[in-house]
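# Overview (structure and organization)
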Amino acid sequence: MQSIILQEKQTLVNFFANAQNIGIIVGASGNLVDSQASALSLFLSLKNSGKSAQVVSLVDPTVEVSHLVGIDQVGKEFSGNAKVLTISVPYREGEIDKVSYNIEKDRLNVNLFAQAHGVSFSEKDIQYIRKGDSPSSIICIGVSSKDELSRAVELKEGIKILQIDTFANERFGDIAIIDSSYSSLSEIVTELLYELSFPVDLDTAQNLLNGIISATQNFTTPKTSMFAFQSAGLLMQNGAQRRGLSTVSVQEK
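My aim in this report is to walk through the structure given alongside it, one point at a time. Along each chain, the written sequence defines residue order, and numbers are assigned to residues from 1. In keeping with the predicted nature of the model, local features appear solely for residues at pLDDT of at least 70, side-chain atom pairs appear and are counted solely at 80 or more, and the whole-chain, interface and lining totals rest on all residues. Side-chain descriptors were evaluated using all non-hydrogen atoms of the structure, hydrogens and water having been removed beforehand.

What follows covers the packing of helix α5 (residues 185–195) against helix α6 (residues 202–215). The axes of two packed helices give the description: the angle between them and the distance between them. Every angle, taken between N-to-C directions, lies between 0 and 180 degrees, and every axis is a line fitted to C-alpha atoms, over only the stretch in contact when it is a helix. Here a strand is any run of E in DSSP of at least two residues, a helix any run of H or I of at least four, and the numbering for each starts at the N terminus. Where α5 meets α6, the closest approach of the two axes is 8 Å, and the angle between their N-to-C directions is 145°. Between α5 and α6, the residues in contact are S186, E187, V189, T190 and L193 and T204, L208, G211 and I212, respectively. Under this grouping Gly is polar, as are all residues other than the nonpolar Ala, Val, Leu, Ile, Met, Phe, Trp, Tyr, Cys and Pro and the charged Asp, Glu, Lys and Arg. Here the contact of α5 with α6 is built from residues that sort into 4 nonpolar, 4 polar and 1 charged. Contact criterion: two residues are considered in contact whenever any of their non-hydrogen atoms come within 4.5 Å of each other.

Now for the layout of surface pockets. Rolled over the atoms, a probe sized like a water molecule indicates the empty space that remains. Grid spacing is 1 Å over the protein atoms alone, the probe is 1.4 Å, and a cavity is where that probe fits but cannot get out, while a pocket is an open set with protein on both sides within 12 Å along at least five of seven lines and lining residues have an atom within 4 Å of a point. Grid points are joined across faces, edges and corners, and a volume is the space filled by probe spheres set on the points. For the second largest pocket, the calculated volume is near 300 Å³. Taken together, 17 residues make up the lining of the second largest pocket; nearest its centre are S3, E191, M226, F227 and Q230. If you list the elements that add at least two residues to the lining of the second largest pocket, you get α1 (4–7), α5 and α7 (226–237). Sort the elements by how many residues they give to the lining of the second largest pocket and α7 lands first, with 5 residues. A per-class count over the lining of the second largest pocket returns 7 nonpolar, 7 polar and 3 charged.

Let us now look at the packing of aromatic side chains. How two aromatic rings sit relative to each other is given by the distance of their centres and the angle of their planes. Ring geometry is summarised as follows: Phe, Tyr and Trp rings, the Trp one being its six-membered ring, pair when their centres sit within 6.5 Å, and such pairs are stacked at plane angles under 30 degrees, edge-to-face over 60 and tilted between the two. Going through the model one piece at a time under the given rule, you end up with 4 aromatic pairs. When the ring of F15 is compared with that of F16, the centres are 5.1 Å apart and the planes differ by 90°; the resulting orientation is edge-to-face. Three or more aromatic residues link up through ring pairs in this structure, and these residues are F15, F16 and F198. Consider the ring centre and the ring normal. A charge sits over the ring if Lys NZ or Arg CZ is within 6 Å of that centre and within 35 degrees of that normal. Sitting over the face of the ring of F113, K98 holds its NZ or CZ atom 4.8 Å from the ring centroid.

The values are spatial; any link to function lies outside them.
Rendered as structure tokens:
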């Protein structure tokens, strides 16, 4: 029986052939190392193939994923040509009496008028939030629903969505690569990269092997699939090393 990647291979080829500005979104549930590793590996491979790609995560990366290559590239929102710039400040009820703006030569000033006791925050508490164009193609890694997806990106008409997961969640993608036969997201991404002939360098391979090891607890869990061993063999041929398991995410769906 063919794997789901092989069954959908031509559809996937067409998706990536037409995808130039790609956004990868990591869901908030599942094994954290596995989901971050698979997303970052896909990001690295796409960048190495000349594609424009970005990664955002619906959960803040923690220390257990700090060893993954590219983790510093994970953002909270997609950047690009900024369409909205939000100036965010702490707010206490009744502290700000009025908000206005004025233009002085080439400067736009946003004015916050406080009550008599003044504002309680300082300049270091001010945040500048840029919201850019939505990517034209979205890859969801372990995103459970369309509502969860909408937390990270504005779903405009024409956006193509590829959904990758090992759990039978809500199917909202134009292409849904969802199969519980795999024991990790990293196995799915490994097969996808090899079957579609995307570059797999040492960093990409090591990330993926780390994800598989974490999700399967070093190949010891009953759910460990044959794909885990097949993928590990391929990745080790690319230089990835099977390292000791120091931390395993217990955040499951």
